[in-house]
Amino acid sequence: MTSEITEKMVKIISQNILTPIIYMLENDGIISFICFCDRNITMQEIYNVEQIIKNETGQTAEIIDIREFDESNRLEIVNTATLIHSEHPLIENIFTQLMIEDYKIAMEERQGVLIRQKELGTCYLQ
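A quick note: this is a predicted structure, and the numbers were derived from the prediction, not measured.

The next subject is the pairing of strand β1 (residues 21–27). The sheet contact formed by β1 and strand β4 (residues 82–86) spans four bridges and is antiparallel. Within the sheet, the bridge partner assigned to Ile21 lies in β4 and is Ser86. When β1 meets strand β2 (residues 30–35), the two strands line up antiparallel, connected through six bridges. Note on β2: the bridge partner recorded for Leu25 is Ser32. Counting the residues that bridge the hairpin from β1 to β2 gives two residues, and of these Asp28 lies at a positive phi of roughly 50°.

Listed as buried for helix α3 (residues 71–80) are Arg74, Leu75, Ile77 and Val78. One side of α3 holds all its buried residues, which, seen down the axis, span an arc of 155°. In this structure, α3 carries Asn79 and Thr80 as exposed residues pointing more than 90 degrees from its buried face. Tucked into the core, α3 has its buried residues touching β1, β2 and α4 (89–120).

Reading the values: the criteria
Residues numbered from 1 in each chain as written. Predicted model: local features only at pLDDT ≥ 70, side-chain atom pairs only at ≥ 80, totals over all residues. Heavy atoms only, no water. Pairing = 2+ DSSP bridges. Helix = DSSP H or I, 4+ residues; strand = E, 2+ residues; numbered from the N terminus. Buried < 20%, exposed > 50% of the residue type's maximum accessible area, 1.4 Å probe, protein only. Arc of directions from axis to C-beta. Contact = heavy atoms within 4.5 Å.

Now the structure itself:
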């Protein structure tokens, strides 16, 4: 995909969906845009933007809020996806740090469950 088309897609998304950061993944002819979307945005609005992108560029696109992924997948997205838009370089750094912190918290919770399983024979609180 050319940088011109990528810029066009970023512009469409930025104008219609409030997001400070956009990552892009290309898989099997579908371009996934992973954003940190405003909570007030509806699925219909996201669908409409996907259709605008398809009409303008001929590319099939899906827009996904990064909060739909678990902590390990979020970290993988930050590490492997292409960052195509950030309102400010500081936002990218803060966002990456937050994803790392979320992952650390999830791993600490997991470790607590494993210890509880080992000591009590159940992962449930009693």
